[in-house]
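Reading the structure
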Amino acid sequence: PVGLGPIGFTSNGLYGGLFLDRNSLIILSIKSGRNLNFFSDWAGRFDLKYSAIGINYKKFVNTSFYINGSVEFRKIDYSRQRYSELISDYDSSTFTGTAIALNIAIGNQWQWDNFTLGCDWAGLSVPVTSRIDSESTNSTDPNNLKYFEDDKQKYMKDSTGYFVQFYLGASF
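Since we're looking at a predicted model, the values are computed, not measured.

**Regarding the overall build of the protein chain**
Check the secondary structure of the protein chain and you find one helix and eight strands. The helix and strand sequence of the protein chain, counted from the amino end, reads β-β-β-β-β-β-β-α-β. Of the contacts made within the protein chain by residues no fewer than 6 positions apart, 62% connect residues no fewer than 24 positions apart. Accessible area for the protein chain stands at about 9,800 Å²; split by element, carbon and sulfur atoms hold 59% of it.

**So, the environment of Thr-160**
Structurally, the position occupied by Thr-160 is in strand β8 (residues 160–170). For Thr-160, a relative accessible area of 22% gives the class partly exposed.

**Re the side chain of Ser-125**
With respect to the helices, strands and loops of the structure, Ser-125 is situated in strand β7 (residues 115–137). The buried category is assigned to Ser-125, whose relative accessible area is 0%.

**Quick look at the nonpolar core**
Of all hydrophobic cores here, the largest spans 11 residues; its members are Phe-46, Leu-48, Tyr-50, Ala-52, Ile-76, Tyr-78, Phe-95, Ala-99, Phe-148, Tyr-155 and Met-156. The biggest single contributor to this core is strand β4 (residues 44–60), with four residues. Setting aside anything within four residues of it in sequence, one finds Phe-95 in contact with Ile-76, Asp-77, Tyr-78, Ile-132, Ser-134, Glu-135, Phe-148, Asp-151, Lys-152, Tyr-155 and Met-156.

**Some remarks on the packing of aromatic side chains**
Inspection of every chain in the model, using the stated rule, returns 10 aromatic pairs. Aromatic pair Phe-19 and Phe-60: ring centres 6.5 Å apart, planes at 25°, arrangement stacked. Residue Phe-19 is found in strand β2 (residues 10–21), and its partner Phe-60 is found in strand β4; the two are separated by 41 residues along the sequence. Taking relative accessible area as the criterion, Phe-19 reaches 42% and is therefore assigned partly exposed. Classification of Phe-60 by relative accessible area gives buried; the value is 8%. Taken together, a centroid distance of 6.2 Å and an interplanar angle of 80° make the contact between Trp-121 and Phe-166 edge-to-face. With a gap of 45 residues between them, Trp-121 in strand β7 and Phe-166 in strand β8 connect regions that are remote in the sequence. With relative accessibility at 36%, the residue Trp-121 sits in the partly exposed group. Taken together, the ring pairs in this structure connect Phe-46, Tyr-78, Phe-95, Phe-148 and Tyr-155 into an aromatic cluster. Its end group placed over the ring of Tyr-66, Lys-58 keeps NZ or CZ at 4.1 Å from the ring centre.

**Brief notes about unusual backbone geometry**
At Asp-113, a position not held by glycine, the phi torsion is positive, near 50°. Following the sequence through the fold, Asp-113 ends up in the loop between β6 (89–112) and β7. The phi dihedral of Val-164 falls on the positive side, at around 50°, and the residue is not glycine. As for its placement among the helices and strands, Val-164 is situated in strand β8.

**Let's talk about helix α1 (residues 142–156)**
For α1, which comprises 15 residues, the first-to-last C-alpha distance of 21 Å matches the rise-based estimate of 21 Å (1.5 Å per residue) to within 8%. Inspection of α1 places Asn-144, Phe-148, Asp-151, Lys-152, Tyr-155 and Met-156 among the buried residues, and these make up the whole buried set. Relative to the axis of α1, the buried residues are bounded by an arc of 100° and lie together on one face. Of the exposed residues in α1, the ones pointing more than 90 degrees away from its buried face are Pro-142, Asn-143 and Lys-146. Of the surrounding secondary structure, the elements contacted by the buried residues of α1 are β4, β5 (65–84), β6 and β7. Two or three places before Asn-143, at the opening of α1, Asp-141 has a side-chain oxygen 2.9 Å from that residue's backbone nitrogen.

Cut-offs used in this document
Residues numbered from 1 in each chain as written. Predicted model: local features only at pLDDT ≥ 70, side-chain atom pairs only at ≥ 80, totals over all residues. Heavy atoms only, no water. Helix = DSSP H or I, 4+ residues; strand = E, 2+ residues; numbered from the N terminus. Contact = heavy atoms within 4.5 Å. Areas by Shrake-Rupley, 256 points an atom, 1.4 Å probe, with all protein chains shown as cover. Buried < 20%, exposed > 50% of the residue type's maximum accessible area, 1.4 Å probe, protein only. Core = buried A, V, L, I, M, F, W, Y, C linked by side-chain atoms within 4.5 Å. Phe/Tyr/Trp six-rings, centres within 6.5 Å; stacked < 30°, edge-to-face > 60°. Lys NZ or Arg CZ within 6 Å of the ring centre and 35° of its normal. Expected span 1.5 Å × (residues − 1). Arc of directions from axis to C-beta. Polar contact = N/O pair within 3.5 Å; in protein donor to acceptor, adjacent residues only side chain to side chain.

The following block contains the structure:
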């Protein structure tokens, strides 16, 4: 799949599935992504890496429309440098964390012989547990410390919607 993922940046991955019956599919998914942004000289640099492995259950409710539920184990690596007016230099903040999330999505999938085309049109990802494994910051700037705390909340604990994840595949 390729699209805008639940962490809020582009991701790609591999899915392998097995039809349980004509309308039910169990899927193993492996995804990753990276969001690397360089801001202007005064703002800094942001780097976020995401990897996940999940188990999905897809239920077709008519010919092509489906509901997809999954449990996903995620790993997040976060790094941000922000300009600090207090020290007239850059503060650096990093963390590594893991989370388990429940996801639900709706979409369509079409099959022609061995070719598959599909799209998760909309979904919701809800972290049910998360843990910061390591973190560090050299910031004393209250604004930068607030950004850091907000980002830990956003990427590790907040529920997020996601849209339009296209995928192409083949069946054997």
